[in-house]
Amino acid sequence: MPVQPRTPPGVLELLPPQQLAFQHMLDTIRRGFERFGFVPVETPVFELTKVLLTKSGGETEKQVYFVQSTGSLKQAGEGEAELPELALRFDLTVPLARYVAEHEAKLNFPFRRYQIQRVYRGERAQKGRYREFYQCDIDVIGKDHLPLAYDAEIPAVIHGIFRELAFGPFTIYLNNRKLLRGLLVAFGVAETLHEAVLHEIDRLGKQPREELEGRLAGEGFGLDPGRVRQLFDLMTGHGGDSRTTFEALRRFDASNAIFAEGLDELQRVYDGTLALGVPERALRLNLAIVRGLDYYTGSIYETLLDEHPRLGSICSGGRYENLAGHYTKSKLPGVGISIGATRLFSQLLEMNLISWARAAVAHVLVLAVEPALAAEYAHLAAALRDAGLNVEVYGGDDKLGKQLKYADRSKIPLAVIYGTREKDAGIVKLKDLRETATTKEHDVPLSDLALRVKQLVA
């Protein structure tokens, strides 16, 4: 009895028209990265377990897929379980840190890399979360020091990509971790509570403000309710206008150096991004953005589609002071951002915001009108391919109606009809199969065929 074919849970498997649309998205992202001079890097799908889990806690280990066929690597400590030697990567940041540390002597700094690859996480299968998914990352890594100009460049890269993808209006939100920590100091929050308070602030806009204020003033934090209110007013009370927010921050008497440093960095990144051509309407300060990863130390970014806020951030990142501290003594500060391509595509697909009008890669199908002319069909196809076109030749001797039906169902826009009659006349009949075509058939001289096909599919 045959085994029932089933896709494993937690993966996105697409039909060809959707796959073409997804590939178009990845190609657009790749072009956007390269337009700013980022160079491609690929790392292995698996890493050494002890390298991959160097700075990860037990929760991360629970999500890792281990490669079971390569033997085991004993963990330090008597009585602890053995782990396999290799594990699948769960993000692209740890492999990047290993890559930069390992090849540091051969790399040119600042090192500008992009990486578009699959990653794997042992997530519980649920809607919107995947076990296998594409990440599209860019990072600029410096040696000992990285100028702030690179922080301003990251939003400009993202703006160019999402403008070309045309998913609708979007906003890139900016904040700075130093500024946030300076605010907490100014409002009397003990340093031991900073991370926990920042995690609560990160929920602003996602949970009712009253609930968050109550938690911060409650037993777990014990902050003064009036000061919590003032902090939230400063973070949210400017109607989303960046210039008004800057004015309020400059008026605020924080009286600590880290606040002043964070405000200066935020202003410079904001102004630098505008100078790179990003319009003010697409770039906005949001002091409630924290980013959950604790290694961000300066600039932080999130990107939202204005008309679909429930999607959450479709692209996020920030600056970190030392990328590869677990693997090298060198100080390697960096700034980067990541697009979760699989999650983004699947959600846009569900909301009917993805068009897959192009269902075929072929521009033209050469029909098999007469079996005796099979060699000439092959020559025709070869000539069109040499001219830079994608060409499919129909095999077999099915009736013309069936061949045209195949072309129509495959969404191939044009079909070449070439029989004895056309050969004697020195022409090719070019049939336009698109619904939008005003003229369905074109008699084209054989010598002009490639040019005419290019004109029609342009």
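Residues numbered from 1 in each chain as written. Predicted model: local features only at pLDDT ≥ 70, side-chain atom pairs only at ≥ 80, totals over all residues. Heavy atoms only, no water.

Draft legend 1. View of the pattern of salt bridges. As enumerated under the stated definition, the model contains 28 salt bridges in all. Residue Arg268 is joined to Asp264 by a salt bridge in which the shortest nitrogen-to-oxygen separation is 3.3 Å. Of the two residues, Arg268 and Asp264 are both situated in helix H11 (residues 257–275); the distance of four residues between them amounts to about one turn of the helix. Its relative accessible area of 49% is what places Arg268 among the partly exposed residues. Taking the relative accessible area as the measure of exposure, Asp264 reaches 40% and is therefore partly exposed. For Glu321, the salt bridge identified is with Lys331, shortest N-O distance 3.9 Å. Of this pair, Glu321 sits in the loop between strand S10 (315–320) and strand S11 (334–340) while Lys331 is found in the loop between S10 and S11, placing the two residues ten residues apart along the sequence. (Salt bridge = Lys/Arg side-chain N within 4 Å of Asp/Glu carboxyl O. Helix = DSSP H or I, 4+ residues; strand = E, 2+ residues; numbered from the N terminus. Buried < 20%, exposed > 50% of the residue type's maximum accessible area, 1.4 Å probe, protein only.)

Draft legend 2. Expanded view of helix H5 (residues 149–165). In this model, H5 (17 residues) spans 25 Å end to end at C-alpha, consistent with the 24 Å of a helix rising 1.5 Å per residue. Of all the 17 residues making up H5, 14 are buried; the element is thus mostly covered by neighbouring parts of the structure. At the exit of H5 stands Ala166, carrying a positive phi of roughly 55 degrees. (Expected span 1.5 Å × (residues − 1).)

Draft legend 3. Just the sheet that holds strand S1 (residues 39–40), in detail. A sheet is described by the order of its strands in space; here eight strands give the open sequence S1-S5-S6-S11-S10-S9-S7-S8, paired in mixed fashion. In the strand order of this sheet, the two ends are held by S1 and strand S8 (283–285), each with one partner. Pairing of strand S5 (residues 111–120) with strand S6 (residues 132–141) involves ten bridges; the strand directions are antiparallel. If you follow Ile116 over to S6, its bridge partner there is Cys136. The sheet contacts of helix H12 (residues 341–350) involve S6, strand S9 (296–305) and S11, and relative to S11 the element is tilted by about 35 degrees. (Pairing = 2+ DSSP bridges. Contact = heavy atoms within 4.5 Å. Axes fitted to C-alpha atoms, helices over the stretch in contact; angles between N-to-C directions.)

Draft legend 4. Local environment of the packing of helix H6 (residues 177–186) against helix H7 (residues 194–201). Relative orientation of the contacting elements H6 and H7 amounts to 110 degrees, with a least axis distance of 11 Å. Regarding the angle of H6 to H7, the classification is roughly perpendicular. On the side of H6, the interface is formed by Arg177, Leu180, Arg181, Leu184 and Val185, while H7 contributes His194, Glu195, Val197, Leu198 and Ile201. Within the contact of H6 with H7, the residues separate by chemical class into six nonpolar, one polar and three charged. (Parallel < 35°, antiparallel > 145°, perpendicular 65-115°, else oblique. Nonpolar A, V, L, I, M, F, W, Y, C, P; charged D, E, K, R; others polar.)

Draft legend 5. Up close: the side chain of Thr49. Tracing the backbone through its elements, the reader meets Thr49 in helix H2 (residues 49–52). On the basis of relative accessibility, which here comes to 1%, the residue Thr49 falls in the buried class. A distance of 3.4 Å separates a polar side-chain atom of Thr49 from the backbone nitrogen of Leu86. (Polar contact = N/O pair within 3.5 Å; in protein donor to acceptor, adjacent residues only side chain to side chain.)

Draft legend 6. Spatial organisation of the sheet that holds strand S16 (residues 441–445). A sheet is described by the order of its strands in space; here five strands give the open sequence S13-S12-S14-S15-S16, paired in mixed fashion. A single partner strand is all that each edge strand has here, and the edge strands are strand S13 (391–393) and S16. Within the sheet, the average angular offset between the axes of one strand and its neighbour, ignoring direction, is 25 degrees. For strand S12 (residues 364–366) and strand S14 (residues 414–417), the ladder comprises three bridges, and the chain directions are parallel. Residue Val366 lies in a different strand from S14, and its bridge partner there is Val416. Relative to the sheet, helix H13 (residues 374–386) contacts S12, S13 and S14, its axis offset from that of S13 by approximately 170 degrees.

Draft legend 7. Looking closely at the nonpolar core. With 99 residues, the main nonpolar core has Phe33, Phe162 and Ile201 as its most contacted residues. Sort the elements by how many residues they give to this core and H5 lands first, with nine residues. Discounting residues that sit within four places of it in the chain, Phe162 has contacts with Phe167, Phe170, Ile314, Cys315, Ile339 and Leu344. Ranked by size, the runner-up nonpolar core spans 18 residues in total, among them Tyr377, Tyr418, Val444 and Leu449. (Core = buried A, V, L, I, M, F, W, Y, C linked by side-chain atoms within 4.5 Å.)

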